[in-house]
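Architecture at a glance
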Amino acid sequence: QVQFDESGGGSVQAGGSLRLSCRAYGSPFGIYGIGWYRQVPGKQRELVALLRDGFAAKYGDFVKGRFTISRDNPRNTAWLQMDNLQPDDTAIYYCYVDEAVVRHDHWGQGAQVTVFG
C-alpha cells in the first residue's frame, strides 16, 4: 500500500513562489515515476510535472519554464519548485506515483495552492 507524506502549498501573491514536497513509501516494488497533477473544480486533472526513471522531466504546456521538479530516488521523495505563480495556477495539486513493476497509479491527498493577484 503506497502512502504519502505531502507538504507545501498555501497562498501567495502573483509572481511569488511555492515549493511542494512529496514522499511516497510502502511499495514493495519501488517508485518508477513521481510527480504532480493539478485540478480545479469542473475541469479534468492535468499534468504539472513528472519524473520517470530514465526519462527527462515532463511538464504541462502551461508551465513554460516556471516550475522545476527534482527527485531523490533513495528517499522516494520529489520536490516541485514553482516560481512566478499566477492566479490561473490556483488549484489542488496532487502528488502522483507510478509504482514500479506493477505500474499501478497512486495519488496523494492533494495540497491547495492559491495565487491572488
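Residues numbered from 1 in each chain as written. Predicted model: local features only at pLDDT ≥ 70, side-chain atom pairs only at ≥ 80, totals over all residues. Heavy atoms only, no water.

**Quick word on the state of the cysteines**
Inspection of the entire model under this criterion finds one disulfide. Put simply, cysteine 22 and cysteine 95 are joined by a disulfide, and their sulfur atoms are 1.9 Å apart. Residues cysteine 22 and cysteine 95 are joined by a disulfide whose S-S torsion is about -85°; by sign, that bridge is left-handed. A residue pair is termed long-range when its members are at least 10 positions apart, and cysteine 22 in strand β3 (residues 18-25) and cysteine 95 in strand β9 (residues 91-99) qualify at 73 residues. (Disulfide = S-S within 2.5 Å. Helix = DSSP H or I, 4+ residues; strand = E, 2+ residues; numbered from the N terminus.)

**Re the sheet that holds strand β7 (residues 67-72)**
Pairing is antiparallel across the open sheet formed by four strands, whose spatial order is β1-β3-β8-β7. Whereas interior strands pair on both sides, the edge strands pair on one side only; in this sheet they are β1 (3-7) and β7. Here the average twist between neighbouring strands, direction ignored, is 15°. (Pairing = 2+ DSSP bridges. Axes fitted to C-alpha atoms, helices over the stretch in contact; angles between N-to-C directions.)

**Remarks on the packing of aromatic side chains**
The geometry of an aromatic ring pair is captured by two quantities: the separation of the ring centres and the angle between the planes. Under the counting rule described, the total for this entry stands at four aromatic pairs. Measuring from ring centre to ring centre gives 5.2 Å for tyrosine 37 and tryptophan 107, while their planes differ by 70°; the resulting arrangement is edge-to-face. With tyrosine 37 in strand β4 (residues 31-39) and tryptophan 107 in strand β10 (residues 105-107), this pair connects stretches of sequence that are 70 residues apart. Overall, the relative accessible area of 18% leaves tyrosine 37 in the buried class. (Phe/Tyr/Trp six-rings, centres within 6.5 Å; stacked < 30°, edge-to-face > 60°. Buried < 20%, exposed > 50% of the residue type's maximum accessible area, 1.4 Å probe, protein only.)

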